[in-house]
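Breakdown of the fold
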2 protein chains.
Amino acid sequence: MQVSPVTTETKRPLTLRDVSEASGVSEMTVSRVLRNRGDVSDATRTRVLAAAKELGYVPNKIAGALASSRVNLVAVIIPSLSNMVFPEVLTGINQVLEDTELQPVVGVTDYLPEKEEKVLYEMLSWRPSGVIIAGLEHTEAARAMLDSAGIPVVEIMDTDGKPVDAMVGISHRRAGREMAQAILKAGYQHIGFMGTKMPLDHRARKRFEGFTEVLGKHGIEIEDREFYSGGSALAKGREMTKAMLDRSPELDFLYYSNDMIGAGGLLYLLEQGIDVPGQIGLAGFNNVELLQGLPRKLATMDACRLEIGRKAAEIIAAQLADPNTEIETRITLTPKISYGDTLKRR
Amino acid sequence: MQVSPVTTETKRPLTLRDVSEASGVSEMTVSRVLRNRGDVSDATRTRVLAAAKELGYVPNKIAGALASSRVNLVAVIIPSLSNMVFPEVLTGINQVLEDTELQPVVGVTDYLPEKEEKVLYEMLSWRPSGVIIAGLEHTEAARAMLDSAGIPVVEIMDTDGKPVDAMVGISHRRAGREMAQAILKAGYQHIGFMGTKMPLDHRARKRFEGFTEVLGKHGIEIEDREFYSGGSALAKGREMTKAMLDRSPELDFLYYSNDMIGAGGLLYLLEQGIDVPGQIGLAGFNNVELLQGLPRKLATMDACRLEIGRKAAEIIAAQLADPNTEIETRITLTPKISYGDTLKRR
DNA sequence: TTGAAAGCGCTAACAT
DNA sequence: ATGTTAGCGCTTTCAA
């Protein structure tokens, strides 16, 4: 039986020095090779790379970042990952940052201002090169941090308000107004509203405000409303719709604050054999991919998620590449209504 | 008109020294206050905190991590954010890590082994305290990195294979087998399969293998199959189902590799007035929340996403708290079939 | 083309 | 309870 050598080698992470010793070249030169900086002869380059690979060296970005005071991270702060909207924004951000040195790091706030403040603080303590943050509403402390961070900040999704620095989004107030106009124009008069129980979802709130504002100008009020939280949005949409119509059978239009509950309502109405959009019209918001597969296409409005992500990342990348760059930093995208099969066209 | 002072103060990030000077206390003591370490008198603590807040100081974790060689990051590496499965895993991870010092950092591989290798390298270069990575299949280089990183590694989702270190998941092969058994037991004989065009989705592959294995033992073969990529899964499920049934009307069961395409198929069959599960049975995989809102509930199997995330995070947290901890590090969860309304019970 | 020295901002370890 | 010193692993800067 063989005795195994008791080399209690606590796996110490490898350093540049290890590669330096293994290749017989100074740490500095190794560093240059690994970063493709400065002139290095092909001979040493080859030797260094061989040694690094052989050892399995992984550079220490912590040390690198401290020494160079360059951290190629972009903090991305969003309220949630669980509805399909923010992942798509992330996809847009990723698409653009992939062609750069920058790496996104995501923080989630659950729509809570204090959590946003905390997450922001945590992220800033890594000294990122830029911040992309959802919404224009932040705690005073959060705003102060963004203000004094000395890095590009892009507030996304919403443009109804004053940004700290740059912003990319749509006007949710306008989105609400336009939907109200389309609904009234189509001749609907008795309108119900369903949405999330989220006092802190400012974008949903603004859509609602824009919506009621236009109704009000036409002397119309929302006749019934219902809010939900948690659970399967599709199922909730179904339940709420049933409850509302049982309660208020005179309604001829249902406006949903998001497509998922709208889709649930649509499925319910179709099952009941109700004529959509003849007897009752429906509209949601977001233009989620899901809608493509439903028996009828729900009327909705695009939130421009991918585009917002891309533009925000482009602003950050451009500002970092050249701080004096002259690019548009206040971008308001203008989504069009998609009538689908649930809102009469007029 | 007042002349504004031209203090071209290039916003230099604040350091401990700034707080130290502002509060008249040594840097070390400031550091202690800010980390709640060691004994500090209430008087100085108060002064220091006031100064820090007043200045808007945000600690530099880069420097802190380098000095203490402690980086409270957990690298989480997943294939995708765009189907609902991984966000739910992240939620589970978050839930557990929120009660610790640890912070998850997410990397996405798009199901590409080379990209996984690259993402892993990038993340390891930040010297995280642990790694949670989806799947058991990695490039040789990736496996070597995980092996020699000297930190806890948890491979998640799948348990059909040999992990580098810890693993938490379900057996997808078994999931496929069990579904096949249930289908045969219910008396279905002519089976079609639909799935993604993803040769690199090993878990889908394993489910398929387990599925066909059991069918084979009963002398049954899959009679038709179809694969898709891109687009709305719900719409694709609808299209593929139509195409397949037009082509192979003798089929009496359709097995889908995920719930979304299964849901699309279900909606299509219901529209066609086909008797489900009498004439045709259906089953998907994942048990996504969406299913709750459909007119009928699709048969499926839970992927235990939340639980997997939680357990993985718990393993990391436990190992970091006490490297000699004696906890289970090979966890195979066993999901039960959910028959819903689309698979006959027998 | 290569190397040596200094220091990034913080914390461990040791004074006091 | 507070301060001092050294150094984390790398990059910047300057010298050779």
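It should be emphasised that the depicted structure is a prediction, and the values quoted were computed from it without experimental measurement. Within each chain, residues carry numbers counting from 1 in the order of the written sequence. The naming scheme follows written order: chains are lettered A onward, ligands numbered 1 onward. Per-residue local features are limited, in this predicted model, to residues with pLDDT of at least 70; the limit for side-chain atom pairs, both in listing and counting, is 80 or more; totals at the level of whole chains, interfaces and linings are taken over all residues. With hydrogens and water set aside, each side-chain value is computed from the structure's full complement of heavy atoms.

Thoughts on the protein's contact with DNA strand C
DNA strand C sits among 23 residues. The nearest are R32 of chain A together with L16, S31, Y57 and R70 of chain B. Within the contact set of DNA strand C, a phosphate oxygen lies 2.8 Å away from a backbone nitrogen or oxygen of S41 of chain A. One of the side-chain nitrogen or oxygen atoms of R70 of chain B is found 2.3 Å away from a phosphate oxygen of DNA strand C. Contributing elements (two or more residues each) for the surface near DNA strand C: α2 (27-35) and α4 (61-68) of chain A together with α2 (27-35) and α4 (61-68) of chain B. Counting from the N terminus, the helices are the DSSP runs of H or I reaching at least four residues and the strands are the DSSP runs of E reaching at least two. With 4 residues, the single largest contributor to the surface near DNA strand C is α4 of chain B. Any residue with at least one heavy atom within 4 Å of a molecule or strand is counted as near it. Each polar contact in these results corresponds to two N or O atoms within 3.5 Å; when the atoms are within protein, one needs to be able to donate a hydrogen and the other to accept it, and residues that are neighboring in sequence are counted only if both atoms are side-chain atoms.

Some points on the interface of chain B and chain A
Contacts: residue pairs with any heavy atoms within 4.5 Å of one another. Every contact between the two is made by 46 residues of chain B and, on the other side, 46 residues of chain A. When two parts are put together, the accessible area they lose, computed with a 1.4 Å probe and summed over both, is reported as buried area. The contact between chain B and chain A buries some 4,200 Å² in all, and 64% of this surface belongs to carbon and sulfur atoms. Looking at the side of chain B facing chain A, the largest losses of area belong to I62, W126 and R127 of chain B, adding up to 17% of the total buried there. By salt bridge we mean one thing: a side-chain nitrogen of Lys or Arg within 4 Å of a carboxyl oxygen of Asp or Glu. Our enumeration of links across chain B and chain A arrives at 4 salt bridges. Of the charged contacts in the structure, one is a salt bridge between E98 of chain A and K115 of chain B, with a shortest N-O distance of 2.6 Å.

Quick look at the relation of the copies chain B and chain A
Least squares is used to superpose the copies, and the fit set is the C-alpha atoms of residues whose pLDDT is at least 70 in both copies. Mapping chain B onto chain A leaves a residual RMSD of 0.1 Å; the transformation is a rotation of 180° accompanied by 0.0 Å of translation along its axis. A rotation of that kind, with that shift, is consistent with a two-fold axis. Closest to the rotation axis within chain B is the C-alpha of I62 of chain B, separated from it by 2.8 Å. Of all interface residues in chain B, 100% are interface residues in chain A too; the two copies therefore contact each other through one and the same surface.

A look at the side chain of R203 of chain B
Residue and element names in this part refer to chain B. By secondary structure assignment, the location of R203 is in helix α9 (residues 202-217). Each residue gets one of three labels from its accessible area relative to the maximum for its type: buried under 20%, exposed over 50%, partly exposed in between, using a 1.4 Å probe on protein chains only. Charged residues are defined here as Lys and Arg on the positive side and Asp and Glu on the negative side; His and the ends of the chain fall outside this count. Salt bridges are absent for the buried R203, whose nearest opposite-charge side chain, D201, sits at 4.6 Å. Aside from chain neighbours lying at most four places away, what touches R203 is P79, F86, Y111, A134, G135, M157, D158 and H172.

Things to note about the environment of R37 of chain B
Within the secondary structure layout, R37 of chain B lies in the loop between α2 and α3 (42-55). Look at R37 of chain B and you get partly exposed, because its relative accessible area is 42%.

Description of the pattern of salt bridges
Residue and element names in this part refer to chain A. One pass over the structure, following the stated rule, counts 40 salt bridges over all chains. With a shortest N-O distance of 2.8 Å, E271 and R238 are connected by a salt bridge. A residue pair is termed long-range when its members are at least 10 positions apart, and E271 in helix α11 (residues 259-271) and R238 in helix α10 (residues 233-247) qualify at 33 residues. Accessibility expressed as a relative area gives 14% for R238, which makes it buried. K311 is the partner of E307 in a salt bridge, and the nearest nitrogen-oxygen pair spans 3.0 Å. Of the two residues, E307 and K311 are both situated in helix α12 (residues 305-321); the distance of 4 residues between them amounts to about one turn of the helix.

Here we look at the protein's contact with DNA strand D
Near DNA strand D there are 23 residues, and of these M28, S31, Y57 and R70 of chain A together with D39 of chain B occur at the shortest range. Each atom of DNA strand D within 4 Å of the protein was assigned to sugar, phosphate or base; sugar and phosphate come to 64%. For DNA strand D, a phosphate oxygen lies 2.8 Å from a polar atom in the side chain of D39 of chain B. Contact between DNA strand D and T44 of chain B: a phosphate oxygen at 2.9 Å from a side-chain N or O atom of the residue. If you list the elements that add at least two residues to the surface near DNA strand D, you get α2 and α4 of chain A together with α2 and α4 of chain B.

Focus on the UniProt feature "domain: HTH lacI-type" (unreviewed entry) in chain A
UniProt positions are given in the numbering used here, feature names are shortened, and annotations may be inferred rather than shown by experiment. In the numbering used here, UniProt assigns the feature "domain: HTH lacI-type" (unreviewed entry) to residues 14-68 of chain A. Secondary structure across residues 14-68 of chain A divides into 71% helix and 0% strand, with the first and last C-alpha atoms of the span separated by 20 Å.

A word on helix α12 (residues 305-321) of chain B
All names here are of chain B. By this rule the span expected of a helix is its residue count minus one, scaled by 1.5 Å. The first and last C-alpha atoms of α12 sit 24 Å apart over 17 residues, in line with the 24 Å expected at 1.5 Å per residue. What α12 keeps buried is the set R305, I308, G309, A312, A313, I315, I316, A317, A318 and Q319. Those residues of α12 hidden inside the fold are in contact with β1 (73-78), α5 (85-97), β3 (130-134), β4 (153-158), β5 (166-170) and β11 (330-333).

Let's talk about the domain arrangement of chain A
Examined at the domain level, chain A breaks down into domain 1 (16-59), domain 2 (73-170 + 305-333) and domain 3 (172-302). The source of the domain bounds is an automatic or database domain assignment. In this structure, domain 1 of chain A and domain 3 of chain A have C-alpha centres spaced 62 Å apart.

Details of the pairing of β3 of chain B
Residues and elements named next belong to chain B. The buried fraction of β3 is high, at 5 of 5 residues. Burial along β3 is two-sided: G130, I132 and A134 facing one way and V131 and I133 facing the other are all buried. One ladder, built from 4 bridges, connects β1 with β3; its direction is parallel. Directly across from V74, in β3, lies its bridge partner G130. In this sheet, β4 lies alongside β3 in parallel orientation, the contact comprising 4 bridges. If you follow I132 over to β4, its bridge partner there is V154. In this fold, β3 hands off to helix α7 (residues 140-148), which returns the chain to β4; that crossover is right-handed. Each pair of strands is called paired provided DSSP finds at least two bridges between the two strands. A clockwise path from the first strand over the helix to the second, with the strands pointing away from the viewer, defines a right-handed crossover.

Let's talk about the pairing of strand β1 (residues 73-78) of chain A
Residue and element names in this part refer to chain A. Counting buried positions over the 6 residues of β1 gives 6, a clear majority of the element. Across the two faces of β1 the burial is the same, with L73, A75 and I77 and V74, V76 and I78 all buried. Bridge count between β1 and strand β2 (residues 103-108): 6 bridges; the pairing is parallel. When the bridges of β2 are listed, V76 appears paired with V106. At this point the chain moves from β1, through helix α5 (residues 85-97), to the parallel β2, and the crossover so formed is right-handed.

A look at empty space enclosed by the protein
All names here are of chain B. Think of a 1 Å grid over just the protein atoms. A cavity is a set of points where a 1.4 Å probe fits yet cannot get out, a pocket is an open set with protein on both sides within 12 Å along at least five of seven lines, and lining residues have an atom within 4 Å of a point. Grid points are joined across faces, edges and corners, and a volume is the space filled by probe spheres set on the points. Under the counting rule described, the total for this entry stands at 1 cavity of 30 Å³ or more. What the largest cavity holds in volume is close to 60 Å³. Lining the largest cavity, in full, are I170, S171, R174, A175, E178, M301, T332, L333, T334 and P335. Looking at the lining of the largest cavity, the elements that each hand over two or more residues are α8 (172-185) and β11. Top element by residues in the lining of the largest cavity is α8. It accounts for 3 residues. Considering only residue class, the lining of the largest cavity consists of 5 nonpolar, 3 polar and 2 charged. Counting only domains with at least three residues in the lining of the largest cavity, you end up with domain 2 (73-170 + 305-333) and domain 3 (172-302). Residues were grouped as follows: Ala, Val, Leu, Ile, Met, Phe, Trp, Tyr, Cys and Pro as nonpolar; Asp, Glu, Lys and Arg as charged; and all remaining residues, including Gly, as polar.

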